[in-house]
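Descriptive analysis of the structure
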Amino acid sequence: MTANDIAEAIQKHAVQNYEVNGWDYIVECWTRSEIAQELLRADIWTVEDGIAYFAESARIFHDRRTDAEAERF
């Protein structure tokens, strides 16, 4: 698989999990090209590793957003 193929799979996963643990952040803020570039930079060559890698970023964003929303009240 190419980095672009893996990026496409990550985008599909992100769309399917849009409302789960920050995946909306990946959908809204990362283009396929940017995902592919990050995969190359991080030396990631499987869909599973790519999803795990981006899941960490999504989770961090989700946690920060949840904390900010909790402080609103």
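Details of the structure are given in the entry above.
Just so it is clear, the structure is predicted and the values come from calculations on it, not from any experiment.

So, about the pattern of salt bridges. Considering all chains together, one arrives at four salt bridges under this definition. Across the pair Arg-41 and Glu-38 runs a salt bridge whose closest N-O atoms are separated by 2.6 Å. Taken together, the residues Arg-41 and Glu-38, both in helix 3 (residues 32-41) and three residues apart, mark about one turn of the helix. We classify Arg-41 as exposed; its relative accessible area is 58%. The buried category is assigned to Glu-38, whose relative accessible area is 15%. The closest approach of N and O atoms between Asp-63 and Arg-59, which form a salt bridge, is 2.6 Å. On the criterion of helical spacing, the pair formed by Asp-63 and Arg-59 is a turn pair, its members being four residues apart in helix 4 (residues 47-71). In this structure Asp-63 comes out as partly exposed when scored by relative accessible area, which is 32%. Under the relative-accessibility criterion, Arg-59 is labelled partly exposed at 36%.

To continue, consider the packing of aromatic side chains. Applying the stated rule across the entire model yields three aromatic pairs. Ring centres of Tyr-25 and Phe-61 lie 4.5 Å apart, and the angle between their planes is 15°; this geometry places the pair in the stacked category. On the criterion of sequence distance, the pair formed by Tyr-25 in helix 2 (residues 23-29) and Phe-61 in helix 4 is long-range, its members being 36 residues apart. Look at Trp-30 and Phe-54: their rings are 5.0 Å apart centre to centre, the planes differ by 90°, and that puts the pair in the edge-to-face class. Of the two residues, Trp-30 is situated in the loop between helix 2 and helix 3 and Phe-54 in helix 4; the sequence distance between them amounts to 24 residues.

The next thing to look at is helix 1 (residues 3-16). The end-to-end C-alpha distance of helix 1, which contains 14 residues, comes to 20 Å, matching closely the 20 Å that a straight helix rising 1.5 Å per residue would cover. At its buried positions, helix 1 is contacted by helix 2, helix 3 and helix 4.

Take the environment of Val-20 next. Relative to the helices and strands, Val-20 resides in the loop between helix 1 and helix 2. Once the C-alpha coordinates of Val-20 and His-62 are considered, the two residues, 42 residues apart in sequence, prove to be 8.8 Å apart.

The rules behind each value
- Residues numbered from 1 in each chain as written.
- Predicted model: local features only at pLDDT ≥ 70, side-chain atom pairs only at ≥ 80, totals over all residues.
- Heavy atoms only, no water.
- Salt bridge = Lys/Arg side-chain N within 4 Å of Asp/Glu carboxyl O.
- Helix = DSSP H or I, 4+ residues; strand = E, 2+ residues; numbered from the N terminus.
- Buried < 20%, exposed > 50% of the residue type's maximum accessible area, 1.4 Å probe, protein only.
- Phe/Tyr/Trp six-rings, centres within 6.5 Å; stacked < 30°, edge-to-face > 60°.
- Expected span 1.5 Å × (residues − 1).
- Contact = heavy atoms within 4.5 Å.

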